[in-house]
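Here is what each chain is made of, one letter per residue.
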Amino acid sequence: MADLAKILAEIVDELSARENRGVPATYIPELAAIDPKKFGIAVETAEGESYVAGDATEAFSIQSVSKVFTLAIALGRLGDQLWGRVGREPSGQAFNSILQLEHEQGRPRNPFINAGAIAVTDAILAGHEPKELLGELLHFVRTAAGDDDIHINKSVAKSETNTGHRNFALAHFMRSYNRLYNPPELTLGAYFHQCAIEMSCAQLARAGRFLMGAPGMPRMVAPSRVLRINAIMMTCGHYDASGDFAFRVGLPGKSGVGGGILCIVPGKASIAVWSPGLNDQGNSKLGTEAIEMLATRMGWSVFSG
Ligand code: GLU
């Protein structure tokens, strides 16, 4: 796809001139220090071609993009029983909101808001040491990407452990409703480390190939689960901007406060973008714009057939 290489180069060019790039997450001190000028994008196609542009081989903190992989592991392990622990409705609330959790007796709306992701990590932690779970997660991600050079940045995990008071509040709140089965410190230890996985756009786009559901792609979960994970990415992957992302881009995506977004074109491609500056909803500002530009220029949308 000659066009794709050209389009990615144009996007990098156009966005590098942008003054207003959003603000990197400041509540995790290690992330606040990242250069907001960084920008990378990578695409893997169903034909097995790889395209990269900008800082696409530089590792960044995937943060909440990791929730896609823990959800895949949880569905593989618990199947539909997982839905007893967490819902699958968009929240319409900020990623770290505690408000809805009280209204809904400690049952998180979906697996991608923080409370829901903590509940998913808690579910797959049962009967395991956090170290074992993180080993399984790394194995999953490395296998999906076909790349063993993917690691957890312990300084980022430590940084969030020291400042993640909101997540401690969410976890203890769920525990008070008996909706967290492990001690909150243990579950959060695993959760902060899962969020601190570092990958480059090139690696993340490769790790997302299993979600394309195309022949020849790595098969990490059953095809019926791939459809469901994409549905949740579409409806819940961008917190209270999920509707806006669906409107603008029309593709399933999951963002992280490290400034990364994994976006899937079912049957066609896996896209990863990284730009550390965030918009008001905690999603990458230029990353969202880049995917919108790419999807528009390629004619990619789940609504276009
Ligand atoms: N580790 C972050 C937190 O729990 C993840 C949030 C995100 O990436 O959106 O606050």
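Reading the values: rules and limits
Residues numbered from 1 in each chain as written. Predicted model: local features only at pLDDT ≥ 70, side-chain atom pairs only at ≥ 80, totals over all residues. Heavy atoms only, no water. Helix = DSSP H or I, 4+ residues; strand = E, 2+ residues; numbered from the N terminus. Rg over C-alpha atoms; globule rule 2.2 N^0.38 Å. Buried < 20%, exposed > 50% of the residue type's maximum accessible area, 1.4 Å probe, protein only. Contact = heavy atoms within 4.5 Å. Areas by Shrake-Rupley, 256 points an atom, 1.4 Å probe, with all protein chains shown as cover. Lys, Arg positive; Asp, Glu negative; His and termini not counted. Charge placed at Lys NZ, Arg CZ, Asp CG, Glu CD. Core = buried A, V, L, I, M, F, W, Y, C linked by side-chain atoms within 4.5 Å. Pairing = 2+ DSSP bridges. Axes fitted to C-alpha atoms, helices over the stretch in contact; angles between N-to-C directions. Arc of directions from axis to C-beta. Polar contact = N/O pair within 3.5 Å; in protein donor to acceptor, adjacent residues only side chain to side chain. Salt bridge = Lys/Arg side-chain N within 4 Å of Asp/Glu carboxyl O. Near = heavy atom within 4 Å. Nonpolar A, V, L, I, M, F, W, Y, C, P; charged D, E, K, R; others polar.

J.: Summarise the overall build of the chain; cite the residues concerned and give the values.
T.: Summing up its helical and strand segments, the chain has 13 helices and eight strands in all. At 18 Å, the chain has a C-alpha radius of gyration in line with the 19 Å of a compact globule built from 305 residues. Principal-axis analysis of the C-alpha atoms places the extent of the chain at approximately 55 × 40 × 35 Å. Classification of the 305 residues of the chain by burial places 56% in the buried group. Within the chain, contacts between residues at least 6 apart in sequence are counted, and of these 70% link residues at least 24 apart. A total accessible area of about 12,200 Å² is found for the chain, and carbon and sulfur atoms account for 51% of it. Counting 28 positive and 31 negative side-chain charges, the chain places the averaged centre of each group 5 Å from the other.

J.: An account of the nonpolar core is requested, with residue identities and associated values reported.
T.: Counting residues in each nonpolar core, the largest one holds 60 residues, and the members touching the most others are Phe-69 and Ile-229. Residue contributions to this core peak at eight residues, all from helix α6 (residues 130-145). Filtering out sequence-adjacent residues up to four positions away, Phe-69 remains in contact with Ile-62, Leu-137, Phe-140, Val-141, Leu-204, Ala-207, Phe-210 and Leu-262. With 27 residues, the next largest nonpolar core counts Phe-245, Val-273, Leu-286 and Ile-291 among its residues.

J.: How would you summarise the sheet that holds strand β1 (residues 40-45) if you had to cite specific residues and measurements?
T.: The strand order across the open sheet formed by five strands is β2-β1-β8-β7-β6, and the pairing between neighbours is antiparallel. Either end of the sheet is taken by a strand with one partner, and the two such strands are β2 (50-54) and β6 (253-255). Direction aside, the axes of adjacent strands within the sheet are offset by 10° on average. Sheet topology note: the β1/β2 ladder contains five bridges and is antiparallel. Bridge pairing in β2 places Val-43 opposite Tyr-51.

J.: Summarise helix α7 (residues 154-163); cite the residues concerned and give the values.
T.: Here α7 has its buried residues at Val-156, Ala-157, Ser-159 and Glu-160. End-on view of α7: buried residues confined to an arc of 160°, all on one side of the axis. With respect to the buried face of α7, the exposed residues turned more than 90 degrees away are Lys-154, Lys-158 and Asn-162. Here α7 starts with a cap whose side-chain oxygen sits 2.9 Å from the backbone nitrogen of Ser-155, and that cap is Asn-153.

J.: Summarise the pattern of salt bridges; cite the residues concerned and give the values.
T.: As enumerated under the stated definition, the model contains 13 salt bridges in all. Taking the shortest distance from any N to any O, the salt bridge between Glu-136 and Arg-77 comes out at 2.6 Å. Within this pair, whereas Glu-136 is found in helix α6, its partner Arg-77 is found in helix α3 (residues 66-78), the two being separated by 59 residues in sequence. On the basis of relative accessible area, Glu-136 is assigned to the partly exposed category, the value being 30%. One continuous salt-bridge network, built from bridges that share partners, spans Lys-6, Glu-10, Glu-14 and Arg-297.

J.: Give a description of the site of the ligand that names residues and reports values.
T.: Taken together, Tyr-27, Gln-63, Ser-64, Phe-95, Asn-114, Glu-160, Asn-167, Tyr-191, Cys-195, Tyr-239, Gly-256 and Val-257 make up the full set of residues adjacent to the ligand. In the environment of the ligand, a nitrogen atom lies 2.5 Å from a nitrogen or oxygen atom belonging to the side chain of Gln-63. Here an oxygen atom of the ligand sits 2.7 Å away from a polar atom, N or O, in the side chain of Tyr-191. Bound to the protein, the ligand loses 100% of the 290 Å² it would expose on its own. Residues belonging to the shell around the ligand are distributed by class as follows: six nonpolar, five polar and one charged.

That's the geometry; what it means functionally is another story.
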